[in-house]
Amino acid sequence: MAEAKLHLRVETDDDDTLIAGHIMAARKYCEEYQNRSYAQQEIELTLDDWPQCGSYPIEIPRPPIMSVEWVKYYGTDNTEYIWDPLLYLADTDSEPGRICPAFGQIYPTLQLRPMNGVKVRYIAGYDPVIKIVTIPAGTTPAPVAETVVNADGSITVTVLNSDGSATATTTDYCANVSKTIKQAILLLIGVWYKNREAVISERGVVPAEIEFTVKALLDLNRVIPI
């Protein structure tokens, strides 16, 4: 919010709700175009079946991938099974990510239901930056156990300790999102804030020159679907 209002040269809080909506919409627009995940989020991938080529990997979209939570599969009677994580490898370094059977293993051979036979739940997004500060006992004013969303979008959780001190943990989920992505988001926010109604252009929603600039920024590290 602070970055967006600085970009828009807005000094009051009157339009905060409107701007927050533009931030969300612009982020979604850019994520969809880049086929990426920005702030940390949980995603569930649904497939009808395992890859047909032996150990050919399952591609995990919307990188960067932080971790794979679980892989489940469903029999013809809809019974749910969890694939033992010791039997497969999760590649969180590649873009997109990948899952394949471990060395000497194969995909489960159980006959799957006709649709949505395999589900993968994973965490995607750029690594957050975490800062931990200890507030000494006797500090004035006394710290309060609370969760605060800061102006820069980070979240600070304060926990009171038994010795009278407190621990404040600040997590910035967007600190590692690149400047080019943030600039593209800000450009879209600026267009939508200035033009409250639909903007007439070749594409109907964003002026052609702005759309070209936004996509030029996002193309720098766009994940192209295969």
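Above this text is the structure in question.
The present account deals with the structure reproduced in this document. (Residues numbered from 1 in each chain as written. Predicted model: local features only at pLDDT ≥ 70, side-chain atom pairs only at ≥ 80, totals over all residues. Heavy atoms only, no water.)

Examining the overall build of the chain
Scanning the chain from N- to C-terminus turns up four helices and 11 strands. Its C-alpha atoms give the chain a radius of gyration of 22 Å, clearly above 17 Å, the size a compact globule of 226 residues would have. Oriented by its inertia axes, the alpha-carbon framework of the chain measures out at about 65 × 60 × 30 Å. Within the chain, counting contacts between residues at least 6 apart in sequence, those at least 24 apart form 66% of the total. Carbon and sulfur atoms make up 56% of the accessible area of the chain, which amounts to about 13,600 Å² in all. Charge-centre separation for the chain: the mean point of 19 positive side chains lies 4 Å from the mean point of 30 negative side chains. (Helix = DSSP H or I, 4+ residues; strand = E, 2+ residues; numbered from the N terminus. Rg over C-alpha atoms; globule rule 2.2 N^0.38 Å. Contact = heavy atoms within 4.5 Å. Areas by Shrake-Rupley, 256 points an atom, 1.4 Å probe, with all protein chains shown as cover. Lys, Arg positive; Asp, Glu negative; His and termini not counted. Charge placed at Lys NZ, Arg CZ, Asp CG, Glu CD.)

Brief notes about the sheet that holds strand β5 (residues 88-91)
Spatial strand order, β2-β6-β5: three strands in an open sheet with antiparallel pairing. The open sheet is flanked by β2 (58-60) and β5, the only strands paired with a single partner. Strand-to-strand twist in this sheet, taken as the mean axis angle between neighbours without regard to direction, amounts to 20°. Across three bridges, β2 lies against strand β6 (residues 97-101) in antiparallel orientation. When the bridges of β6 are listed, E59 appears paired with R98. (Pairing = 2+ DSSP bridges. Axes fitted to C-alpha atoms, helices over the stretch in contact; angles between N-to-C directions.)

Concerning the pairing of β6
Strand direction decides the pairing type here: β5 and β6, joined by four bridges, are antiparallel. Bridge pairing in β6 places D91 opposite R98. Counting the residues that bridge the hairpin from β5 to β6 gives five residues.

Here we look at the pattern of salt bridges
Where side chains of opposite charge bring their charged atoms close, a pairing between them can arise. In total, this model carries 12 salt bridges according to the counting rule given. With its nearest N and O atoms 3.5 Å apart, the salt bridge here joins R62 to E32. Here the residue R62 occupies a position in the loop between β2 and β3 (65-74), and E32 occupies one in helix α2 (residues 16-34), the gap between them amounting to 30 residues. Judged by relative accessible area, E32 falls into the partly exposed class, the value being 40%. The partner of E44 in a salt bridge is K119, with the nearest N and O atoms 3.9 Å apart. (Salt bridge = Lys/Arg side-chain N within 4 Å of Asp/Glu carboxyl O. Buried < 20%, exposed > 50% of the residue type's maximum accessible area, 1.4 Å probe, protein only.)

Re the packing of helix α3 (residues 179-194) against helix α4 (residues 208-218)
Contact geometry of α3 with α4 gives a least axis separation of 8 Å together with a crossing angle of 160°. With respect to each other, α3 and α4 are oriented roughly antiparallel. The two elements α3 and α4 meet at a crossing, and its hand is left-handed. Here T180, I181, Q183, A184, L187, L188 and V191 of α3 lie close against α4, whose contacting residues are I210, T213, V214, L217 and L218. (Parallel < 35°, antiparallel > 145°, perpendicular 65-115°, else oblique. Left-handed = near helix turned anticlockwise from the far one by under 90°.)

What about the pairing of strand β11 (residues 166-172)?
Alignment of strand β8 (residues 129-135) against β11, held across seven bridges, turns out to be antiparallel. Bridge pairing in β11 links I135 to A166. In the sheet, strand β10 (residues 155-160) pairs with β11 via six bridges, with the strands oriented antiparallel. The residue of β11 that forms the bridge with V157 is T169.

Some points on the packing of aromatic side chains
The full count for this structure, using the stated rule, is six aromatic pairs. Summarising the aromatic geometry, the rings of W50 and W83 are spaced 5.2 Å apart at their centres and angled 65° between planes, so their arrangement reads as edge-to-face. You can see W50 sitting in the loop between β1 (41-47) and β2 and its partner W83 sitting in the loop between β4 (80-82) and β5, a full 33 residues away along the chain. When sorted by exposure, W50 lands in the same class as W83, which is buried. Three or more aromatic residues link up through ring pairs in this structure, and these residues are W50, Y73, Y81, W83, Y88 and Y107. When the ring centre of Y74 is taken as origin, the NZ or CZ atom of R113, which lies over that ring, is 4.1 Å away. Geometry around Y33 places R222 over its ring, the cationic atom sitting 4.1 Å from the centre. (Phe/Tyr/Trp six-rings, centres within 6.5 Å; stacked < 30°, edge-to-face > 60°. Lys NZ or Arg CZ within 6 Å of the ring centre and 35° of its normal.)

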